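Listed below, chain by chain, are the residues.
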Amino acid sequence: SLDDVIYFRDLTRLTVGYNQVRDISALGKMNLSTVSLYANDLSDLSPLEEVKTLRYLFLYNNNISDISPLAGLNELVCLSLQYNQIRDITPLAGLSQLQELYISHNEIEDLSPLKTLKHLTFLDAGHNRISNLDPVAGLEGLTDASFVGNPVVDYSPTSRIQNLNRPFGKTR
């Protein structure tokens, strides 16, 4: 439990990895800019809804399937969600400041919620169930992307992104 963390009123960065943390309710009362809760046992992200000051959020290697509590975190510039059980990334559609997104090793099929993320420069979407890259074709700011380990057949939509380095996963 992270209950005692509320006594550190000026805390802006918190890292708690590999600690089997399940309850993060205490974080909802804090003004954090960076939270790293990787490799725990998290599934309920609802306390993070209140942490509107978050800019960097690292939640990889947990038991997360529902990311809807992240929908209102409009200050996020970097979000790491690898190695979870996420299928629906619709809650990310409104995160207009997002620049880096790590969503590899999940169960994602549809990237269309990302098409509004005009500030996105880095996307790691490898090892999911993605077959269609059309939704990312309009992300003109994207410079680096990985789609390795997906059933992608046609990489041509990525050729419309002028500044994109060769997308990882492309074999032709």
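Structural notes, computed from the coordinates. Note that this is a predicted model, so its numbers are computed, not measured. (Residues numbered from 1 in each chain as written. Predicted model: local features only at pLDDT ≥ 70, side-chain atom pairs only at ≥ 80, totals over all residues. Heavy atoms only, no water.)

Structural notes on the environment of lysine 118
- Secondary-structure assignment places lysine 118 in the loop between strand E5 (100–102) and strand E6 (122–124).
- For lysine 118, a relative accessible area of 51% puts it in the exposed group.
- Spatially, the C-alpha atoms of lysine 118 and serine 96 are 7.0 Å apart, while their sequence positions differ by 22 residues.
- Apart from the residues within four sequence positions on either side, lysine 118 is in contact with Gly138 and Gly141.
- For lysine 118, the side chain forms a polar contact with the main-chain oxygen of glycine 138, separated by 3.4 Å. (Helix = DSSP H or I, 4+ residues; strand = E, 2+ residues; numbered from the N terminus. Buried < 20%, exposed > 50% of the residue type's maximum accessible area, 1.4 Å probe, protein only. Contact = heavy atoms within 4.5 Å. Polar contact = N/O pair within 3.5 Å; in protein donor to acceptor, adjacent residues only side chain to side chain.)

Concerning the sheet that holds strand E2 (residues 34–36)
- Pairing within the open sheet is parallel, and its seven strands lie in the order E1-E2-E3-E4-E5-E6-E7. Every interior strand has two partners, whereas the edge strands, strand E1 (13–15) and strand E7 (144–146), have only one. Pairs of neighbouring strands in the sheet enclose a mean axial angle of 5 degrees, with direction left out of account.
- Sheet analysis places E6 next to E7, joined by three bridges and oriented parallel. (Pairing = 2+ DSSP bridges. Axes fitted to C-alpha atoms, helices over the stretch in contact; angles between N-to-C directions.)

Brief notes about unusual backbone geometry
- Unusually for a residue other than glycine, alanine 39 sits at a positive phi of about 55 degrees.
- In this structure, alanine 39 sits in the loop between E2 and strand E3 (56–58).
- Alanine 39 sits in the buried class, given a relative accessible area of 10%.
- Positive phi is not limited to glycine here, since histidine 105 has a value of about 60 degrees.

Considering a nonpolar patch on the surface
- On the surface, a cluster of nonpolar side chains totalling about 350 Å² of accessible area is made up of Ile6, Tyr7 and Phe8.
- Assignment of secondary structure puts phenylalanine 8 in the segment before E1. (Patch = residues over 30% accessible without salt bridge, like charges linked within 9 Å, V, L, I, M, F, W, Y side chains within 5 Å. Areas by Shrake-Rupley, 256 points an atom, 1.4 Å probe, with all protein chains shown as cover. Salt bridge = Lys/Arg side-chain N within 4 Å of Asp/Glu carboxyl O.)

Details of the environment of arginine 55
- Mapped onto the secondary structure, arginine 55 falls in the loop between E2 and E3.
- By relative accessible area, arginine 55 is classed as partly exposed at 34%.
- In this structure, the C-alpha to C-alpha distance between arginine 55 and leucine 98, residues 43 residues apart in sequence, is 8.8 Å.
- When residues no more than four places from it in sequence are discounted, the contact partners of arginine 55 are Ser33, Glu75, Leu76, Val77 and Cys78.

Quick look at the pattern of salt bridges
- Tallied over the entire structure, the rule returns three salt bridges.
- Between aspartate 41 and arginine 22 there is a salt bridge; the shortest N-O distance is 2.5 Å. Of this pair, aspartate 41 sits in the loop between E2 and E3 while arginine 22 sits in the loop between E1 and E2, placing them 19 residues apart in sequence.
- You can call aspartate 41 partly exposed: its relative accessible area is 22%.
- With a relative accessible area of 59%, arginine 22 lands in the exposed category.
- Between arginine 160 and aspartate 134 there is a salt bridge; the shortest N-O distance is 3.4 Å. Of this pair, arginine 160 sits in the segment after E7 while aspartate 134 sits in the loop between E6 and E7, placing them 26 residues apart in sequence.
- With relative accessibility at 54%, the residue arginine 160 sits in the exposed group.

Some points on the environment of asparagine 84
- For asparagine 84, the location among the structural elements is in the loop between strand E4 (78–80) and E5.
- In this structure, the C-alpha to C-alpha distance between asparagine 84 and leucine 37, residues 47 residues apart in sequence, is 13 Å.
- Filtering out sequence-adjacent residues up to four positions away, asparagine 84 remains in contact with Leu59, Tyr60, Asn61, Asn62, Asn63, Ile64, His105 and Asn106.

Focus: the nonpolar core
- Core analysis: the largest hydrophobic core is formed by 51 residues, its most contacted members being Leu27, Leu48, Leu57, Leu79, Ile103, Leu111 and Leu123.
- Sequence-distant contacts of leucine 79, that is, excluding residues within four places in its chain, are made with Leu57, Leu70, Leu92, Leu95, Leu98, Glu100, Leu101 and Tyr102. (Core = buried A, V, L, I, M, F, W, Y, C linked by side-chain atoms within 4.5 Å.)

As far as function goes, none of this settles anything; it's purely spatial.
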